[in-house]
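An overview of the molecular structure
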Number of protein chains: 2
Amino acid sequence: MPSQELDLNHVHVSDPFLGQYQRLVRDVVIPYQWDALNDRVSDAEPSHAIENFRIAAGLENGEFYGMVFQDSDVAKWLEAVAWSLCQKPDRELERTADHVIELVEAAQCEDGYLNTYFTVKAPQDRWTNLAECHELYCAGHMIEAGVAWFQATGKRRLLNVVCRLADHIDGVFGPHENQLHGYPGHPEIELALMRLYEVTGNSRYMKLTQYFVEQRGSHPPHYYDEEYEKRGKTSYWNTYGPAWMVKDKAYSQAHEPLALQQSAIGHAVRFVYLLAGVAHLARLNNDEEKRQTCLRLWNNMVQRQLYITGGIGSQSSGEAFSSDYDLPNDTVYAESCASIGLMMFANRMLQMEGDSQYADVMERALYNTVLGGMALDGRHFFYVNPLEVHPKSIPFNHIYDHVKPIRQRWFGCACCPPNIARILTSIGHYIYTQRSNALYINLYVGNETLLDNGLKIAISGNYPWDENVSVHIRTEKPLHQTLALRMPEWCEKPRVQLNGETCEGLLQRGYLHIAREWQDDDRLEIVLPMPVRRVYGNPLLRHVAGKVAIQRGPLVYCLEQADNGTELHNLTLPPNSTFTLLEGKGIFAHKTLIQATGTRVISEEPQNQPLYRYDAAPEQQQEQKLTFIPWFSWANRGEGEMRIWVRE
Amino acid sequence: MPSQELDLNHVHVSDPFLGQYQRLVRDVVIPYQWDALNDRVSDAEPSHAIENFRIAAGLENGEFYGMVFQDSDVAKWLEAVAWSLCQKPDRELERTADHVIELVEAAQCEDGYLNTYFTVKAPQDRWTNLAECHELYCAGHMIEAGVAWFQATGKRRLLNVVCRLADHIDGVFGPHENQLHGYPGHPEIELALMRLYEVTGNSRYMKLTQYFVEQRGSHPPHYYDEEYEKRGKTSYWNTYGPAWMVKDKAYSQAHEPLALQQSAIGHAVRFVYLLAGVAHLARLNNDEEKRQTCLRLWNNMVQRQLYITGGIGSQSSGEAFSSDYDLPNDTVYAESCASIGLMMFANRMLQMEGDSQYADVMERALYNTVLGGMALDGRHFFYVNPLEVHPKSIPFNHIYDHVKPIRQRWFGCACCPPNIARILTSIGHYIYTQRSNALYINLYVGNETLLDNGLKIAISGNYPWDENVSVHIRTEKPLHQTLALRMPEWCEKPRVQLNGETCEGLLQRGYLHIAREWQDDDRLEIVLPMPVRRVYGNPLLRHVAGKVAIQRGPLVYCLEQADNGTELHNLTLPPNSTFTLLEGKGIFAHKTLIQATGTRVISEEPQNQPLYRYDAAPEQQQEQKLTFIPWFSWANRGEGEMRIWVRE
């Protein structure tokens, strides 16, 4: 069993900024989601998720209701609660969760099977529709919850449940004749099984992961087609035609073996969940071919298909990638869950490679799309995260059917809110990476943690608003340890001092490695200058040609109608404009806004003018102060226009 | 019966440019479409349209095949043949068409009913599904064909058929208790009945039009819902869900009475066909309320929802309008048929109002989208007419599912090709408008025509390429007549000379009215200076902000990859660049191309650079000669990028 020198589960977050999000998750999101899971939110679509477990457990009579993957909401809630308890114990909440765990245990079948949809609604259909029915996906989430609950509380009850579940699955699937040769339509169990392997040390879970990964996309005949024929061609989803999810194999990255795949394709969440599992497997199994697959697909994704916001999935149809350099800003999908999955994938790559490029993308996703997925009140969520909205046009043009100009309370398909909750509460896992050569500090999130050799590390500052970050060491005796500090890609000239002196270190793959015998009260002072930076798109990105985006630190900024008026497309930021930082007020308290002098095309009563005009004298422009807000905080003041990319 | 002083049907087109299109229609399109209607085109989807008539006539056994509106292809072909015969007699073609007319007559039921889908496939379902089944639409097209055949050849056989059909319909529909109180789901019969009224003088056809128009959108209960309930909720179309065409009443402009409608809405072809009929009715019935409806809806359409190409319908879903100022260039629909319908609507407005704004739009639609709908070879057609394409992205992003980067041979729904054929062959109807006060010359298309008072008019020149247009008068005796010459909106300083002297006239509503006793050999020399003009969008058009389009005369120009390389978004046309005219070669022979010095963003191997870069020095630009081709002629050199709106 791999050792953990640092208990990432109990990194105590003290960050002024993300700490506030953790409080929001604790005080608002988790209770709200608990109400939602129990159908006590009056103006939201019913969830029925807890009820499904009660019915499956035989505690009540009734019908299953909800999505085929409804169970996963309960699992994600449990995981969020687990991580939240690590941050702040709450006996009542823990008791509530323990009751849920009892319920989950009660809903588990004798043979270890666990899924309320099939148990209640279609017990005879177990494992007959992997392509469409999310059975392994739900199992994956429950396994993650079991691992988290054990890591957070030390309690084994849910861990035992999910081990029985995983063992059951390991019996059902495999290469033997009496086993099914399938793999999940929606990957997730791969990364979950690798986590289970890490806490249990039971190698059958890693082998099962390997089986799922290597079996994926092998054909002919294709497993999805085989099971489709076998079950009499029934189909669960018809969004894009009968059995489309069976037929469109690239949608679930199952069109060919992963080893042959060249680019990020299909449903974005499936892609990053899958690759997170593959990267974890590649590292722990020393599998160079799978490592190369991860590198190749990662590179395609971040070099050709990634939004500046850390969003992925440029089209609504299939919530999917489209193709290289095709990144429209207004019809984009960029699901919140996809950026969460991207963080997971990035984190596994970081563990494997120790290269800051993975942390750079992880940070970009976190501080932009992931945070932006939740309203500042913790009660409203985006599923889709556009980089540009024109609310007046949304209701009338069907290319915008998926775009909401303001966050919604809860979704029929409620994957995003609990996913945001669990990633924010488990942020400790992303701050640090423990590798054999060093302890990597990836994110400058304020926190305190204790290495098992007795070294205490406290990171403080006011990231991502302030450029100064302190790392304070406490230790009873001098201890040797290499710390690797990430030098962010957005920062041109980072400076590091040790106890007031310039600190020499070795810059390797984007990390400043400082090897030293640490003394009590050692202090690293890191300065990450955060001038406002202009960002330009690659010349192959047609949707941002001639435009500029504003970034400070890891935060991407945007214009909103509330500050800048309507018709944001008429605003220009001249190349020579200088920027002023502005302390935000009200909902922007403790946030930094940016102002610059720009220009606006003006015209009198344009609605009374013709649509097109000839040979106009140069457009009438007038100076206008432009106010940029951090994009993650857009749409917190009602409906209005927003755009990130501004004409320069 | 209104008198016609000018036989518009026999305006002899001698125009070098459009004349060539007419020849193409005659020599290629009509024969090709005849083959298609008879399923003799091997690489196209079968039509079965003639076969359906043979089966309906009892000449063959078999099943109906094709769209519910398959008959209309035959009707449109007949109409195109009629107009083509006016331009150039062709006894064999006339005989072929006469055989088709015999066949149509044979397929007509005893009671006058005529529709092969219902006669062959579902005789019991006649008139049970107006919302979805195009029965009145097909009747409308056949009525138009009957009128055209009579006007072109003087033969009454098809006219008699369609009068019986119209009489039958007039019996079925109306206000009486034993009549149906419905109206067409797809308007068309309104404009057809008004044409039938004009040639027959039978006022029941105008009254029936009035009934259909005034009945439209009246509720509750809504007629579509009533018939839907009555037939047991069966539905013919399921594209957007069961019975969507019944439910989405605005799709067919039936959500409320026309008198209450404020903006162009729904399926664009339906909208313009309907309004063409309403405008015709308003004029001949002196109906001021309907005139106001036409003015109001026209104004909304052209001032807020019209593409620079004369295209309408900004979204694929529903082939429909979206909302004011929402005109995306790449996901646009802009169906060829919609621009043809727009010409028809414009023509009726022109007849009613004598205002050049209608001719301006008509001309814009003709010389851009309508011509662009057909390849220069007459064998390939666009259904959808984008203003910008990036072919590499089309197959992978579903927002482009409807966009084809090159013209297709024939469509399963083959509405556009025969519609283009009939409008090009009947262009005489658009060149002139006979009004009580004057003969209006709308389009400077070369032609010769004879007024019934003996005045011969010959228009010559090389429009739209050359600025000089001559109008030559021949008459045996001096004759008084007012000619009204359109002064195009794109032309700043038109000049008109009469027999070498500056010609004074009265400029009224965009027409220069010249009242005079014309002498034999009088000559008007019109000079319409055609400098290359830069066109800018209204500040409310966000998709063209910061961009410029190039227009010369009525022609909108575009950049194509074949001349300018890939990544057209990296090209800029500086505000001070001057334009050079260039005589085209090869497929561009007799066409004027435009060149200007522009710049291109350059970068080495952009595919090896990151997606985003910070604080770049101003983009590296290099000079590049930009070559603009007339947009109607794009995509005649294989697949490639194209764009109309260029960064300035």
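By the naming in an unreviewed UniProt entry, chain A is Glycoside hydrolase family 127 protein, taken from Hafnia paralvei.

1. A few points about the relation of the copies chain A and chain B
Once turned by 180° and shifted 0.1 Å along the axis, chain A lies on chain B with an RMSD of 0.1 Å. On this basis, the relationship between the two copies can be described by a two-fold rotation axis. In terms of C-alpha distance to the rotation axis, chain A has Ile399 of chain A as its closest residue, with the C-alpha 3.4 Å off the axis. Most of the interface of chain A is mirrored in chain B: 100% of its interface residues are interface residues there too.

2. Quick word on the domain arrangement of chain A
Residues and elements named next belong to chain A. Assigned domains of chain A: these are domain 1 (8-392 + 407-430), domain 2 (434-527) and domain 3 (533-647). Listed by partner, the interface residues are 28 residues for domain 1 and 28 residues for domain 3. Carbon and sulfur atoms make up 60% of the area that domain 1 and domain 3 hide from each other, which totals about 2600 Å². If you look at where domain 1 meets domain 3, you find three salt bridges. Ionic pairing is found between Lys392 and Glu567, a salt bridge with its closest N-O pair at 4.0 Å. Where domain 1 meets domain 3, there are 12 residue pairs in polar contact (both at pLDDT 80 or more). Broken down by secondary-structure element, the contributors of at least two residues to the side of domain 1 that touches domain 3 are helix 1 (16-37), helix 16 (356-372) and strand 2 (388-389). Per-element accounting of the side of domain 1 that touches domain 3 gives the leading share, seven residues, to helix 16. When grouped by side-chain class, the residues that make up the side of domain 1 that touches domain 3 number 15 nonpolar, seven polar and six charged.

3. So, the nonpolar core
With 234 residues, the main nonpolar core has Leu196, Met301 and Phe345 of chain A as its most contacted residues. Filtering out sequence-adjacent residues up to four positions away, Met301 of chain A remains in contact with Ala264, Phe271, Val272, Leu306, Ile312, Phe321, Leu342 and Phe345 of chain A. Core analysis: the second largest hydrophobic core is formed by 233 residues, Met142, Ala264, Leu297 and Phe628 of chain B among them.

4. With respect to the pattern of salt bridges
For the structure on display, the rule yields 80 salt bridges over all chains. One salt bridge connects Glu79 of chain B with Arg195 of chain B, and the closest N-O pair in it is separated by 3.1 Å. Of the two residues, Glu79 of chain B sits in helix 3 (residues 71-87) while Arg195 of chain B sits in helix 9 (residues 189-200), which places them 116 residues apart along the sequence. When its relative accessible area of 13% is taken as the criterion, Arg195 of chain B is described as buried. Several salt bridges share partner residues, and in doing so they unite Glu288, Arg291, Glu353, Asp355 and Arg509 of chain A into one network.

5. Digging into the interface of chain A and chain B
Residue-level contacts link 60 residues of chain A with 60 residues of chain B. At the boundary of chain A and chain B, one finds two salt bridges. The shortest N-O distance in the salt bridge between Arg533 of chain B and Asp615 of chain A comes to 2.7 Å. One can count 42 residue pairs in polar contact (both at pLDDT 80 or more) joining chain A with chain B. When contributions to the side of chain A that touches chain B are tallied by element, the ones reaching two or more residues are helix 14 (288-304), strand 14 (533-537) and strand 20 (612-614) of chain A. Of all the elements, strand 14 of chain A adds the most residues to the side of chain A that touches chain B, at five residues. Across the side of chain A that touches chain B, the residue classes break down as 25 nonpolar, 22 polar and 13 charged.

6. Looking at the packing of helix 8 (residues 157-172) of chain A against helix 10 (residues 203-215) of chain A
Residue and element names in this part refer to chain A. For the pair helix 8 and helix 10, the least separation of the axes is 10 Å and the interaxial angle reads 50°. The orientation of helix 8 with respect to helix 10, classified from their angle, is oblique. For helix 8 against helix 10, the interelement crossing comes out left-handed. On the side of helix 8, the interface is formed by Cys163, Ala166, Asp167, Ile169 and Asp170, while helix 10 contributes Arg204, Tyr205, Leu208 and Phe212. Residue composition of the contact of helix 8 with helix 10, grouped by class: six nonpolar, no polar and three charged.

7. Topic: the packing of helix 2 (residues 49-56) of chain B against helix 4 (residues 91-107) of chain B
All names here are of chain B. For the pair helix 2 and helix 4, interaxial distance at closest approach is 8 Å and the crossing angle is 45°. Between helix 2 and helix 4, the crossing angle belongs to the class labelled oblique. In the packing of helix 2 onto helix 4, the handedness of the crossing is left-handed. Contacts between helix 2 and helix 4 involve Ile50, Phe53, Arg54 and Ala56 on the former and, on the latter, Val100, Leu103, Val104 and Ala107. Considered class by class, the residues forming the contact of helix 2 with helix 4 number seven nonpolar, no polar and one charged.

8. Some points on the environment of Tyr383 of chain B
Here Tyr383 of chain B shows up in the loop between helix 16 (356-372) and strand 2 (388-389). Taking the C-alpha atoms as reference, Tyr383 of chain B lies 8.6 Å from Lys404 of chain B; in sequence the two are 21 residues apart.

9. Considerations on the side chain of Thr425 of chain A
All names here are of chain A. Tracing the sequence through the fold places Thr425 in helix 17 (residues 416-425). Thr425 sits in the buried class, given a relative accessible area of 3%. Within the structure, the side chain of Thr425 is placed 2.7 Å from the backbone oxygen of Ala421, a separation counted as a polar contact. Reaching out from Thr425, the side chain makes a polar contact with the backbone oxygen of Arg422 at a distance of 3.1 Å. Contacts of Thr425, omitting those with residues within four sequence positions, involve Gln22, Val25, Ala80, Trp83, Ser84 and Gln87.

Here is what the cut-offs are and how they apply
- Residues numbered from 1 in each chain as written.
- Chains lettered and ligands numbered in written order.
- Predicted model: local features only at pLDDT ≥ 70, side-chain atom pairs only at ≥ 80, totals over all residues.
- Heavy atoms only, no water.
- Least-squares fit on C-alpha atoms with pLDDT ≥ 70 in both.
- Contact = heavy atoms within 4.5 Å.
- Domains from an automatic or database assignment.
- Buried area = accessible area lost by both parts, 1.4 Å probe.
- Salt bridge = Lys/Arg side-chain N within 4 Å of Asp/Glu carboxyl O.
- Polar contact = N/O pair within 3.5 Å; in protein donor to acceptor, adjacent residues only side chain to side chain.
- Helix = DSSP H or I, 4+ residues; strand = E, 2+ residues; numbered from the N terminus.
- Nonpolar A, V, L, I, M, F, W, Y, C, P; charged D, E, K, R; others polar.
- Core = buried A, V, L, I, M, F, W, Y, C linked by side-chain atoms within 4.5 Å.
- Buried < 20%, exposed > 50% of the residue type's maximum accessible area, 1.4 Å probe, protein only.
- Axes fitted to C-alpha atoms, helices over the stretch in contact; angles between N-to-C directions.
- Parallel < 35°, antiparallel > 145°, perpendicular 65-115°, else oblique.
- Left-handed = near helix turned anticlockwise from the far one by under 90°.

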